[in-house]
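Fold and contact review
Residue-level listing of the chains:
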Protein chains: 2
Amino acid sequence: MREPAEGTSTDDGRKPEAIGSMNIGVIGATGVVGHEMLTILDERGVDSDRVHCIASSRSAGLTLPYGKDHLTVGTLEDTVFEDLDVALFAAGPDTARTWAGQAVSMGCVVIDNSSAFRDDPDIPLVIPEINGNLLDGFKSPGIVASPNCSTTIAMMAVAPIHRLAGIRSMSVTTYQSVSGAGAEAMEELEQQIRQHAAGEPITNRVLPSRALLNVFNHESSIDADGFNEEERKIRFESRRILDAPEIAISATCVRVGVPRAHAMAIELVLEKGVKVEEVRELLDGSDGIRVVDDRELKRFPEPRHAAGQDDIEIGRLRLHPDRADGTGLLLFAAGDQLRKGAALNTIQILERLQNA
Amino acid sequence: MREPAEGTSTDDGRKPEAIGSMNIGVIGATGVVGHEMLTILDERGVDSDRVHCIASSRSAGLTLPYGKDHLTVGTLEDTVFEDLDVALFAAGPDTARTWAGQAVSMGCVVIDNSSAFRDDPDIPLVIPEINGNLLDGFKSPGIVASPNCSTTIAMMAVAPIHRLAGIRSMSVTTYQSVSGAGAEAMEELEQQIRQHAAGEPITNRVLPSRALLNVFNHESSIDADGFNEEERKIRFESRRILDAPEIAISATCVRVGVPRAHAMAIELVLEKGVKVEEVRELLDGSDGIRVVDDRELKRFPEPRHAAGQDDIEIGRLRLHPDRADGTGLLLFAAGDQLRKGAALNTIQILERLQNA
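In this text the structure is predicted, and so the values were computed from the model without any measurement.

Description of the interface of chain A and chain B
How big an interface is tends to be expressed through the accessible area that disappears when the partners come together. Every contact between the two is made by 49 residues of chain A and, on the other side, 49 residues of chain B. Residue composition of the side of chain A that touches chain B, grouped by class: 25 nonpolar, 11 polar and 13 charged.

Structure, rendered in structure tokens:
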């Protein structure tokens with residue numbers, strides 16, 4: 001388990017000061033993931049004159065807080081890439097598809113947080129703790145993709161187990177925060193609390209149903225087989241990150257009334273039987289994970305604890321009672337959707353590139 | 001699907017006026033399940049002079065609303081059973097163990113909503129739509145047990161599928177409302193909303209963590225294998241209700257910030273491949289179920305819709321993408337914890353007994 005005090009070291013232990021020498025653009029800086037990227041860059045000690053906030057023309061001219069400074073938002077246009085070494089994309093897939101090529105052609109490394117390039121076999125899809133080695137031969141300039149938030153949290157929990165015992169099948173059932181739908185969805189949840197406290201009807205406009213006092217299936221588009229896009233991403237991206245297309249994967253993705261940390265129940269069928277204690281020790285020794293599994297005091301992962309933390313909380317480790325050979329494993333995980341689920345992983349990719 | 005207008009008919013279509021001719025005691029009448037039993041008895045048209053509210057001496061003398069009347073709460077003591085034909089137990093397992101035998105010895109039919117007798121092979125564990133036939137040879141006086149709330153909701157969804165295609169394994173992941181922890185837990189959630197709206201810290205006293213803006217693993221006691229009691233109940237009771245001890249069952253039980261309806265994701269492995277359309281039609285024609293599965297409009301089961309309804313909502317029916325033979329089925333269900341999950345099922349058992 002990595003202690004918070006070591007939170008700024010890369011996974012090989014070297015300090016990532018290197019990123020402070022680059023000109024870093026945050027594309028989509030006014031969004032909730034962009035905001036988190038700025039927070040992390042400041043935590044990393046990157047100078048404000050190295051950081052460039054970029055957004056659509058609608059937001060141009062706005063100022064955003066950065067440490068003790070304020071940064072002015074520039075418009076996303078060809079010329080912005082001239083001054084950049086790195087472009088961190090915190091916008092949607094359409095923006096990434098439109099602008100990433102341009103950024104690369106002007107010499108930028110692009111790290112994209114959207115789904116635009118995750119299924120491109122020529123572009124690495126990376127969680128540094130798991131498959132950071134894919135970046136060793138990275139040819140700059142170029143594009144690296146950061147995975148979907150739920151996928152990243154699930155993978156942090158299961159990748160060490162996959163290396164230990166081989167995953168045959170994985171079922172993921174999520175309790176997803178509203179932050180994945182952006183700042184407006186987070187504000188909507190707060191507004192619903194105010195409405196209910198005032199005895200007014202609860203309304204929703206940003207999300208398709210209300211998150212307060214309710215849960216509802218994920219709002220992304222549903223395919224002919226009935227799976228929503230979030231569920232498809234978990235299946236496709238997990239197989240790609242684990243480099244194991246043979247794993248059977250199903251997911252059910254659900255929103256709950258939680259602001260910014262996702263939780264999920266995961267059930268695995270393994271190739272090889274395991275013992276709970278062995279898995280607990282393995283996870284406890286893995287980067288970016290905090291084992292929270294105290295059966296005595298009933299302390300397990302909770303979104304309210306995972307929020308704002310870099311580590312993914314994992315607990316409720318137990319063996320399926322009907323698989324006597326120890327090949328059935330259940331667990332529960334919680335992780336900050338905006339940090340490891342998005343902005344933190346993107347910046348860790350950058351740090352890994354600098355240290356590759 | 002049973003329409004709400006028919007909600008007072010038994011599952012064989014006969015009107016249950018018969019229960020109006022009995023003297024019915026509600027043991028634990030001041031609790032949230034007891035309250036729901038009174039509501040349903042009143043909805044069924046049972047005269048107030050037939051209904052006896054019973055609770056611990058602490059609550060004796062209180063009056064409880066019943067339709068347009070008020071009923072005075074009597075103390076739970078030997079003599080109360082003298083005047084009763086039926087004792088509906090809406091109290092905990094300790095109360096049931098202490099008093100059910102006494103009630104039977106004084107000629108009462110006991111229908112117990114607690115876990116006290118669910119593992120007694122001599123006592124039927126009944127969901128009328130599924131195994132109401134167990135009551136056909138019922139020897140009165142005696143005890144009938146009503147299952148755990150999550151189990152009941154899960155069974156309503158999967159029992160028809162089990163009859164169709166045989167269940168080999170079932171994984172249940174719950175989004176449980178706070179009502180299962182009683183009226184105080186429901187009030188605590190409301191209080192947390194008021195606290196947060198007022199900018200105060202959110203506190204919890206009834207439940208071990210806070211339900212607002214959070215989810216946490218079910219608070220029941222955890223065994224040596226790491227499963228909580230709610231998860232053990234789902235496994236044991238489901239096998240008993242389906243009369244299928246060979247089914248592999250795992251569960252993860254989690255509380256969410258929802259007042260009174262449970263939701264759950266269920267993944268099944270079946271003996272025989274199915275088609276989604278076939279399952280949808282089967283469920284649509286089953287008593288006590290409402291299929292809510294509109295992929296176009298993204299209308300699926302939600303606790304806010306299931307709350308206060310008799311029917312269990314079922315939707316998100318889809319086949320596991322990695323089981324080409326159609327033996328993997330996923331679904332999502334929501335049902336009122338206090339109605340079908342507790343009080344309604346208890347009264348439906350009574351109606352079934354009357355019509356047996």
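A closer look at helix H2 (residues 93-105) of chain B
All names here are of chain B. Along its 13 residues, H2 runs 18 Å from first to last C-alpha, staying within 8% of the 18 Å computed at 1.5 Å per residue. Of the positions making up H2, those classed as buried are Ala96, Trp99, Ala100 and Ala103. Contact partners of the buried residues in H2: strand S1 (24-27), strand S6 (86-89), strand S7 (109-112) and strand S8 (143-145).

Thoughts on the sheet that holds strand S9 (residues 167-175) of chain A
All names here are of chain A. Pairing in this open sheet of 6 strands is mixed, and the strands run S11-S9-S13-S16-S15-S14 from one edge to the other. Two strands close off the open sheet at either side, each with one partner strand: strand S11 (248-252) and strand S14 (289-291). Each neighbouring strand pair of the sheet contributes to a mean axis angle of 25 degrees, computed without reference to strand direction. Looking at chain direction, S9 and strand S13 (residues 261-270) are connected through 8 bridges and run antiparallel. Bridge pairing links Thr173 to Ala265 in S13. Docked against the sheet, helix H7 (residues 276-284) engages S14, strand S15 (312-319) and strand S16 (328-336), running at close to 170 degrees with respect to S15.

Structural notes on the environment of Gly132 of chain A
Residue and element names in this part refer to chain A. Turning to its location among the elements, Gly132 is positioned in the loop between helix H3 (128-131) and strand S8 (143-145). For Gly132, a count of 22 C-beta atoms within 10 Å corresponds to the buried category. Separated by 217 residues in the primary sequence, Gly132 and Ile349 have C-alpha atoms spaced 7.6 Å apart.

Thoughts on the environment of Arg316 of chain B
All names here are of chain B. Structurally, Arg316 is set in strand S15 (residues 312-319). A count of 23 C-beta atoms within 10 Å places Arg316 in the buried class. Once the C-alpha coordinates of Arg316 and Gly326 are considered, the two residues, 10 residues apart in sequence, prove to be 15 Å apart.

About the thresholds
Residues numbered from 1 in each chain as written. Chains lettered and ligands numbered in written order. Predicted model: local features only at pLDDT ≥ 70, side-chain atom pairs only at ≥ 80, totals over all residues. Contact = placed C-beta atoms within 7 Å. Nonpolar A, V, L, I, M, F, W, Y, C, P; charged D, E, K, R; others polar. Helix = DSSP H or I, 4+ residues; strand = E, 2+ residues; numbered from the N terminus. Expected span 1.5 Å × (residues − 1). Buried ≥ 20, exposed ≤ 12 C-beta atoms within 10 Å, placed from the backbone. Pairing = 2+ DSSP bridges. Axes fitted to C-alpha atoms, helices over the stretch in contact; angles between N-to-C directions.

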